[in-house]
Amino acid sequence: MALEAVEVVNRAEEEAREIIAAAQNEAKEIVAEAERAGRAALDAARVKAQEETQQILTAAQAKGEAAGDAVLSRAKKEAADLVADAKGRMDAAAAGIVAKIKGGEGD
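Residues numbered from 1 in each chain as written. Predicted model: local features only at pLDDT ≥ 70, side-chain atom pairs only at ≥ 80, totals over all residues. Heavy atoms only, no water.

A. Structural detail: the overall build of the protein chain. A count of helical and extended segments in the protein chain gives one helix and zero strands. Radius of gyration (C-alpha) of the protein chain: 46 Å, far over the 13 Å computed for a compact globule of 107 residues. Overall size of the protein chain, expressed as C-alpha extent along the three principal axes, is 155 × 15 × 10 Å. Burial analysis of the protein chain (107 residues in total) assigns 0% to the buried set. Total accessible area on the protein chain stands at roughly 9300 Å², and carbon and sulfur atoms take up 63% of it. Of the side chains in the protein chain, 15 bear a positive and 21 a negative charge, and the two mean positions are spaced by 15 Å. (Helix = DSSP H or I, 4+ residues; strand = E, 2+ residues; numbered from the N terminus. Rg over C-alpha atoms; globule rule 2.2 N^0.38 Å. Buried < 20%, exposed > 50% of the residue type's maximum accessible area, 1.4 Å probe, protein only. Areas by Shrake-Rupley, 256 points an atom, 1.4 Å probe, with all protein chains shown as cover. Lys, Arg positive; Asp, Glu negative; His and termini not counted. Charge placed at Lys NZ, Arg CZ, Asp CG, Glu CD.)

B. Focus on the environment of Ala40. Structurally, the position occupied by Ala40 is in helix 1 (residues 2–105). A relative accessible area of 44% places Ala40 in the partly exposed class. Distance from Ala40 to Leu57, taken between C-alpha atoms, is 26 Å for residues 17 residues apart in sequence.

C. Region of the structure containing the pattern of salt bridges. Under the defined criterion, the tally for this structure stands at five salt bridges. Residues Arg46 and Asp43 are paired through a salt bridge, measuring 3.2 Å at the closest nitrogen-oxygen approach. Residue Arg46 and its partner Asp43 are both found in helix 1; the two are separated by three residues, about one turn of the helix. Taking the relative accessible area as the measure of exposure, Arg46 reaches 43% and is therefore partly exposed. Put simply, Asp85 and Arg89 hold a salt bridge, and the shortest N to O gap is 3.3 Å. Taken together, the residues Asp85 and Arg89, both in helix 1 and four residues apart, mark about one turn of the helix. The exposure class assigned to Asp85 is partly exposed, which follows from its relative accessible area of 38%. When its relative accessible area of 59% is taken as the criterion, Arg89 is described as exposed. (Salt bridge = Lys/Arg side-chain N within 4 Å of Asp/Glu carboxyl O.)

Pasting the structure below:
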């Protein structure tokens, strides 16, 4: 009977080792799956952040180009106004010089 009891204990120990090994393997699989899921989530977040960054940069570039176009347009108008004003003054100055010259001929 003692031999049978030892065999029962040995079988129970073997079963316990098998259960522990199975549990350890399952735990390793769970950890590996969690790591894969974590990497996938991180990669997805990275891709999303890159897409959002690109959208923000594109919007900022468009806004900057629009602002630059507005500044350039105002500068061109101001330059045209200055040129027109200078031409008007030049015409008046030339007329004044001609008048002085003509006035000086009679002296």
